[in-house]
Amino acid sequence: MTDRLTIDIYSDVVCPWCAIGYGQLTKALAQLEGEIEAEVRWRPFELNPDMPSEGEEQETHLQRKYGRSMEEGAAMRGRMKEIAAGAGVSLSYEGEGDAPPAMMWNTRDCHKLLGFALEQAGPQVQTRLKLALFKAHFNHRADLFDRDTLLDIAAGVGLHREAAKAALDDADLEARVIAEERQAWDLNITGVPAMIVGGKFLIPGAQAPETYVNALRRVAEKSRAAG
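Throughout what follows, the structure given in this document is the object of discussion. (Residues numbered from 1 in each chain as written. Predicted model: local features only at pLDDT ≥ 70, side-chain atom pairs only at ≥ 80, totals over all residues. Heavy atoms only, no water.)

### So, the state of the cysteines
Thought 1: Summed over all chains, the structure comprises zero disulfides.
Thought 2: Cysteine C110 remains unbridged, with the sulfur of C18 as its closest cysteine sulfur at 13 Å. (Disulfide = S-S within 2.5 Å.)

### Some remarks on the packing of helix α2 (residues 58-66) against helix α3 (residues 70-86)
Thought 1: Two elements in contact, α2 and α3, have axes whose closest approach is 10 Å; the angle formed by their N-to-C orientations is 110°. One way to sum up the angle between α2 and α3 is to call them roughly perpendicular. The hand of the α2/α3 crossing is right-handed. Taking contact as the criterion, the partners of Q58, E59 and Q63 in α2 are, on α3, M70, G73 and R77. (Axes fitted to C-alpha atoms, helices over the stretch in contact; angles between N-to-C directions. Helix = DSSP H or I, 4+ residues; strand = E, 2+ residues; numbered from the N terminus. Parallel < 35°, antiparallel > 145°, perpendicular 65-115°, else oblique. Left-handed = near helix turned anticlockwise from the far one by under 90°. Contact = heavy atoms within 4.5 Å.)

### A short note on the nonpolar core
Thought 1: Counting 38 residues, the largest nonpolar core has I7, I9, L25, I189 and L216 as the members making the most contacts within it.
Thought 2: Where this core is concerned, the elements lending two or more residues are β1 (3-11), α1 (16-31), β2 (36-44), α3, α5 (123-138), β5 (194-197) and α9 (209-226).
Thought 3: By residue number, the principal contributor to this core is α1, which donates seven residues.
Thought 4: Look past the residues within four positions of I9 in its chain and what remains in contact with it is Y22, L25, V40, R41, W42, R43, P193, A194 and M195. (Core = buried A, V, L, I, M, F, W, Y, C linked by side-chain atoms within 4.5 Å. Buried < 20%, exposed > 50% of the residue type's maximum accessible area, 1.4 Å probe, protein only.)

### Focus on the packing of aromatic side chains
Thought 1: Here the structure, examined in full by the defined rule, presents four aromatic pairs.
Thought 2: Relative to W42, the ring of Y22 has its centre 5.1 Å away and its plane inclined at 55°; by these criteria the two rings are tilted. Residue Y22 is located in helix α1, and its partner W42 is located in strand β2; the two are separated by 20 residues in the primary sequence. When sorted by exposure, Y22 lands in the same class as W42, which is buried.
Thought 3: Their ring planes at 80° and their centres at 6.2 Å tell us that W42 and F134 sit as a pair that is edge-to-face. (Phe/Tyr/Trp six-rings, centres within 6.5 Å; stacked < 30°, edge-to-face > 60°.)

### Here's the deal with the packing of α1 against α9
Thought 1: Remark: α1 packs on α9, axes separated minimally by 8 Å, with the N-to-C direction vectors making an angle of 60°. Classified by the angle between their axes, α1 and α9 sit oblique to one another. By crossing handedness, the relation of α1 to α9 is classed as right-handed. Of the residues in α9, those in contact with G21, Q24, L25, K27, A28, L29 and Q31 of α1 are P209, E210, Y212, V213 and L216.
Thought 2: Residues belonging to the contact of α1 with α9 are distributed by class as follows: seven nonpolar, three polar and two charged. (Nonpolar A, V, L, I, M, F, W, Y, C, P; charged D, E, K, R; others polar.)

Laid out in structure tokens, this is it:
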């Protein structure tokens with residue numbers, strides 16, 4: 001018998017550990033094929049809700065926010081890329097020519113589109129959009145505050161462009177995004193990724209596949225025992 005679980009992932013599209021965490025989760029679910037079937041839903045978490053529209057160069061931002069040196073930043077990026085590669089995730093620029101500077105963006109509109117995708121097209125399309133946003137940010141260094149860029153990405157995963165455009169101006173949708181972000185704080189989620197399994201079991205951070213496998217099995221066992 002296959003156990004069915006929901007996994008709500010609080011994350012931001014400019015968070016490398018969120019991309020890594022999903023890569024590791026995907027490996028775990030592959031190991032659990034036939035044993036556990038998961039419905040993944042993405043929930044909003046803004047790392048920089050006050051980021052201005054022009055964004056900020058990533059290295060400058062991280063030095064200012066965490067007080068680390070350029071050397072420390074380079075060492076961390078190297079280690080992160082190694083872990084990402086093991087998770088099947090690329091964090092490297094894949095465009096033509098010299099790489100533009102890596103940036104941090106205001107991602108509120110990204111989360112509005114992700115909410116729209118879940119409501120209108122379901123979790124599988126929402127995941128396709130999330131992965132496309134990861135790729136746009138990490139591999140193409142796209143401006144994630146630019147609405148035309150976001151609408152191109154949305155259309156690329158099959159969402160109706162004009163409907164997506166309307167969603168970006170939908171005050172009710174924005175209010176729902178903000179409410180979900182507050183819910184994350186109510187759940188004591190202060191960093192991402194954070195995965196809520198079965199609506200109540202928290203797995204914090206980007207874990208190794210084996211950690212996800214063991215955690216999901218425990219949740220499935222508890223769910224069967226309770227029900």
